[in-house]
Amino acid sequence: MTSEIEQPQSSLIFDSLPYYDNDLEQQPALRERVERELARDAKPLQTLHPRVPPSPKLFANYPLLDAELSRLESRQPLPALDTTRYQLPGPSSTPAGEEEWKTALANAHSQLEHQRLRHANQALLQSYGANAWRIHNYRVEASAKNIEKALEDLKNLTTEVNRERKNFQTQIGDQLTSLETRWTELISNILQIEMANVALEAEVDRLNKTEAQLAAGL
């Protein structure tokens, strides 16, 4: 038993009354036929339901995060760390030229500056890291509570929608049952009237024949 609901996009959606229709429960053979048909022609849907919103584009404004997400989706390994930038090699040739020593000295200055920044960052982290981490945890916990509340509200809304849907289908099902029973009674009455008419016509024919025979005998 289906009904057609017209959408704003002028598309038709076929819905059923699962809380009322129980043909499959009443007729096990029908359920077996349906299951065999579904198993034989089980094709995945190529398009989503028109009411399903499109998938959001994550990290549209963050190319690095988008690239990392693509790497995870494709199951590519994480690139190895480049450790050469942390090494402090000297000139490779012997005796070394001035340019090679300048390059080695510039690399040493870079490594020294890197270590100085690490020391400064560690000092800042030791001074303010604990409080910053507490604030971060507080924000994360607040966000988690908001998400849990939104999830609980959505579950309650879903339960309420299903409850209203069940009540509506039950009411409509009772009306359909009453109308179907009334229709069956009317059809039965019509059949009884037709059978009575046939019997009366046969009786009239018999009486006519009897009258004709009596008239012929006189």
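Quantities reported herein were computed from a predicted structural model and do not represent experimental measurements.

J.: Got a minute to help me understand the overall build of the chain in this structure?
T.: Along the chain, the regular secondary structure elements total 4 helices and 2 strands. In sequence order, the chain lays out its α and β elements as β-β-α-α-α-α. A burial count over the chain gives 4% of its 218 residues as buried. The long-range fraction of contacts in the chain, counting pairs at least 24 apart against all pairs at least 6 apart in sequence, stands at 37%. A total accessible area of about 20000 Å² is found for the chain, and carbon and sulfur atoms account for 59% of it.

J.: What's the story with a nonpolar patch on the surface in this structure? I'm lost.
T.: Together, Leu-58, Phe-59, Tyr-62 and Leu-65 make up a nonpolar patch on the protein surface, roughly 390 Å² of accessible area in all. Within the element layout of this structure, Leu-58 appears in the loop between α2 (28-40) and α3 (63-73). Judged by its relative accessible area of 45%, Leu-58 falls in the partly exposed class.

J.: Hey, could you run me through the pattern of salt bridges in this one?
T.: Pairing is possible between side chains of opposite charge, provided their charged atoms come close. Throughout the structure, instances matching the rule amount to 8 salt bridges. Across the salt bridge formed by Arg-71 and Glu-68, the nearest N and O atoms sit 2.5 Å from each other. Of this pair, Arg-71 and Glu-68 both sit in helix α3, 3 residues apart, roughly one helical turn. Judged by its relative accessible area of 16%, Arg-71 falls in the buried class. By relative accessible area, which is 31% here, Glu-68 ends up partly exposed. Here Glu-113 and Arg-116 are joined by a salt bridge, their closest N and O atoms 2.6 Å apart. You can see Glu-113 and its partner Arg-116 sitting in helix α4 (residues 98-217), 3 residues apart, about one turn around the helix. We classify Arg-116 as partly exposed; its relative accessible area is 47%.

J.: I'm lost on unusual backbone geometry in this one. Help?
T.: With the exception of glycine, most residues fall at negative phi, and the peptide bonds are largely trans. Even without glycine at this site, Phe-59 takes up a positive phi of about 55°. Note on placement: Phe-59 falls in the loop between α2 and α3. Of note in the backbone geometry, Arg-75 takes a positive phi value of approximately 60° without being a glycine. Looking at where Arg-75 falls in the secondary structure, it is placed in the loop between α3 and α4.

J.: Help me out: how do you make sense of the side chain of Arg-71 in this one?
T.: Polar side-chain contacts of Arg-71 include one of 2.5 Å to the side chain of Glu-68. When near neighbours in sequence (up to four residues on either side) are disregarded, Arg-71 contacts Gln-76, Pro-77, Leu-78 and Pro-79.

J.: What exactly am I supposed to notice about the confidence of the model for the chain here?
T.: If pLDDT is low for a region, its predicted coordinates should not be looked at in detail. Across the chain, the average pLDDT comes to 84, with 90% of residues at or above 70. Across residues 1-10, where pLDDT falls below 50, the model places 20 contacts with residues more than four positions away in sequence or in other chains.

Rules behind the numbers
- Residues numbered from 1 in each chain as written.
- Predicted model: local features only at pLDDT ≥ 70, side-chain atom pairs only at ≥ 80, totals over all residues.
- Heavy atoms only, no water.
- Helix = DSSP H or I, 4+ residues; strand = E, 2+ residues; numbered from the N terminus.
- Buried < 20%, exposed > 50% of the residue type's maximum accessible area, 1.4 Å probe, protein only.
- Contact = heavy atoms within 4.5 Å.
- Areas by Shrake-Rupley, 256 points an atom, 1.4 Å probe, with all protein chains shown as cover.
- Patch = residues over 30% accessible without salt bridge, like charges linked within 9 Å, V, L, I, M, F, W, Y side chains within 5 Å.
- Salt bridge = Lys/Arg side-chain N within 4 Å of Asp/Glu carboxyl O.
- Polar contact = N/O pair within 3.5 Å; in protein donor to acceptor, adjacent residues only side chain to side chain.
- pLDDT = per-residue confidence, 0-100.

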